[in-house]
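# An overview of the molecular structure
What follows is each chain in one-letter form.
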Amino acid sequence: MHYPDVYIGAIKSYENNAPSAIGKRQVNGVLQLTSLGLEGDEQAEKSYHGGPDRALCHFPREHYAWLRQHFPEQEDRFHPPAFGENLSTLGLTEDNVFIGDIFRWGDALIQVTQPRSPCYKLNAFLHCPQMSQVLQDSGRCGWLYRVIATGNVSGDRTFELMTRNSEVSVAEAVSIAFNMPFDEEQYRRLMAAAGLSASWNKTMQMRLVNRKIEDFGRRLLGSAGK
């Protein structure tokens, strides 16, 4: 059984950074999960965060131990919810969660839509200039959900896998999108995964149209070019 720790956050101003809701706090007790996420949770840049296909962010708790081991001088920073996640669990990782998976959580049903795309803001907030690149290269990205049935949820209600709808794990999706050379067959395979978000479908389709992989530099580093 997987019991999630649950986190929400409001938009705040940060020195030398744009306003963000990355700073979350743990919430105990019952919350309402709407089609756009948990009540009380906010998103600052809605073009890139939040929305129906990105209503919840899940980051495996296992990754924090790996990060503390690899960045011992900053180990005090690597504890949930340092990456601005809404949910953290033990036992669910990119390897055993698949695009399109539908989970029952409390009264709600949620569906995995895409891996998280690490961005440069993580570098600033964690004071680690290469953090987004490290997460992307290692495949430790976490993933996002859409809400297909709203309802009451809480940290003492388990995650239960109800339906597996594709054969593409989140780990494979990360590899296809971020860590493989151009591969039309794999892009088509990813687009065929039931439940994949509209934005990831668009990205894969644009690769087929343009015959190249888009530049990751702006997202990872806040500038054009790698």
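Heads up: the structure comes first, above all this text.
Nothing here was measured: the structure is a model prediction, and the numbers come from that model.

## Notes on the environment of Glu184
- The residue Glu184 is located in helix α5 (residues 184-191) in this model.
- Owing to a relative accessible area of 28%, Glu184 belongs among the partly exposed residues under this scheme.
- When the C-alpha positions of Glu184 and Arg211 are compared, they lie 8.6 Å apart, and in sequence the two are 27 residues distant.
- In contact with Glu184, not counting residues within four places along its chain, are Leu208 and Arg211.

## Quick word on the packing of helix α4 (residues 170-179) against α5
- Packing of α4 against α5 brings their axes to within 10 Å, and their N-to-C directions diverge by 140 degrees. As judged from the angle between their axes, α4 and α5 are oblique. Judged by the sense of rotation from one axis to the other, the crossing of α4 with α5 is left-handed. Across the interface between the two elements, Glu172, Ala173 and Ile176 of α4 pack against Gln186, Tyr187, Arg189 and Leu190 of α5.
- Of the residues belonging to the contact of α4 with α5, the class tally is 4 nonpolar, 1 polar and 2 charged.

## Looking at the sheet that holds strand β6 (residues 37-38)
- What the 3 strands build is an open sheet, ordered β6-β5-β12; its pairing is antiparallel. With one partner strand each, in any of the chains shown, β6 and β12 (151-153) form the two edges of the open sheet.
- In terms of strand pairing, strand β5 (residues 31-34) meets β6 through 2 bridges, oriented antiparallel. Directly across from Thr34, in β6, lies its bridge partner Gly37.

Rules used throughout
Residues numbered from 1 in each chain as written. Predicted model: local features only at pLDDT ≥ 70, side-chain atom pairs only at ≥ 80, totals over all residues. Heavy atoms only, no water. Helix = DSSP H or I, 4+ residues; strand = E, 2+ residues; numbered from the N terminus. Buried < 20%, exposed > 50% of the residue type's maximum accessible area, 1.4 Å probe, protein only. Contact = heavy atoms within 4.5 Å. Axes fitted to C-alpha atoms, helices over the stretch in contact; angles between N-to-C directions. Parallel < 35°, antiparallel > 145°, perpendicular 65-115°, else oblique. Left-handed = near helix turned anticlockwise from the far one by under 90°. Nonpolar A, V, L, I, M, F, W, Y, C, P; charged D, E, K, R; others polar. Pairing = 2+ DSSP bridges.

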